[in-house]
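Topology and contacts: notes
Chain by chain, the residues run as shown.
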Amino acid sequence: MRSRPVISPLRLGVNIDHVATLRNARGGRHPDPLRAAHLAIDGGADGITAHLREDRRHISDEDITRLKNELTRPLNLEMAATAEMLAIALRHVPNACCLVPERREERTTEGGLDVVGQRETLKPFVAKLKGAGIRVSLFIEPDLQAIEASAAVGADIVELHTGRYCHMALDNDAAGLAGELARHAAGARAAHAAGLEVHAGHGLTYNTVQPIARLPEIVELNIGHFIIGEAIFGGLPAAVRRMRALMDEARQHPAVVMASAGGAA
Ligand code: PXP
């Protein structure tokens, strides 16, 4: 009996927040995040991600309504764990909600959710979303305590925050980059072993995506700012296609084979 490596396909969720950032710079309706979502899907996106921030700096309530009603792929709604956002999520029932920490003064989501500290409030929050049939993801640092706490509060998924890893790449800090990659590899393994689905994202680019895509436990990447930026130069479907191709190529050479499945090949 031959054994074969088990490596699941890697999905790409395209985050369209910054199409809305550009629209909001002038008001009005152009460029339209929904049109961007359709083009991202044409380019090979498996799902669309949008962050409805408390201050509505990019995605609006109307965007969420239109995305939910018109998308042909799953919607992943990123949001803070607040009563207002819970009501919105329960009204729209997206495929998934990714709970993120939110601070008004930050430019983007800096650091992961403090799941250990917020365990008591997150548990009923997660339960309400799951009760409505929404898959729940927690955006966390690849930290063992946060992973254990995520499983304990009933999350389905953890999304590992790749921001620090990407910063090390920008700073050309090879030792720091290797350390961050090892932290993600260990985090992905631990989360998978705890029964959690593992996603990753934040700051990923054509240059940084492949080492993360090679981690076999990770089954979804959520990428926004870089893809939308590249779309200015070569179009959105082309930018998504290139990211997809890099992910697929990396997946052919996983970092560590997760397990072996016996039986017929
Ligand atoms: N995942 C989560 C949970 C995020 O909050 C963000 C940023 O909105 C991303 C992924 C995508 O990050 P980026 O826009 O840097 O690719």
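Refer to the structure above for everything that follows.
Quantities reported herein were computed from a predicted structural model and do not represent experimental measurements.

Brief notes about unusual backbone geometry
- Going from His30 to Pro31, the amide bond is cis rather than trans, its omega being -5 degrees.
- Note on placement: Pro31 falls in the loop between helix H1 (17-26) and helix H2 (33-42).
- Here the phi dihedral of Arg56 falls at roughly 55 degrees; this positive angle occurs in a residue that is not glycine.
- On the secondary structure map, Arg56 appears in the loop between strand E3 (47-51) and helix H3 (61-70).
- Phi is positive for Val93, close to 45 degrees, though the residue is something other than glycine.
- By secondary structure assignment, the location of Val93 is in the loop between helix H4 (83-92) and strand E5 (96-99).

Points about helix H11 (residues 236-251)
- With 16 residues, H11 extends 23 Å from end C-alpha to end C-alpha; this agrees with the ideal 22 Å at 1.5 Å per step.
- Residues of H11 that are buried include every one of Leu236, Ala239, Val240, Met243, Arg244, Leu246, Met247, Ala250 and Arg251, and no others. Angularly, the buried residues of H11 cover 160 degrees about the axis, an arc narrow enough to put them on a single face.
- The elements touched by buried residues of H11 are strand E2 (11-15), H2, helix H9 (209-213), strand E9 (218-223) and helix H10 (225-234).

Definitions and limits used
Residues numbered from 1 in each chain as written. Predicted model: local features only at pLDDT ≥ 70, side-chain atom pairs only at ≥ 80, totals over all residues. Heavy atoms only, no water. Helix = DSSP H or I, 4+ residues; strand = E, 2+ residues; numbered from the N terminus. Expected span 1.5 Å × (residues − 1). Buried < 20%, exposed > 50% of the residue type's maximum accessible area, 1.4 Å probe, protein only. Arc of directions from axis to C-beta. Contact = heavy atoms within 4.5 Å.

Limitation: the analysis is restricted to geometry and does not speak to function.
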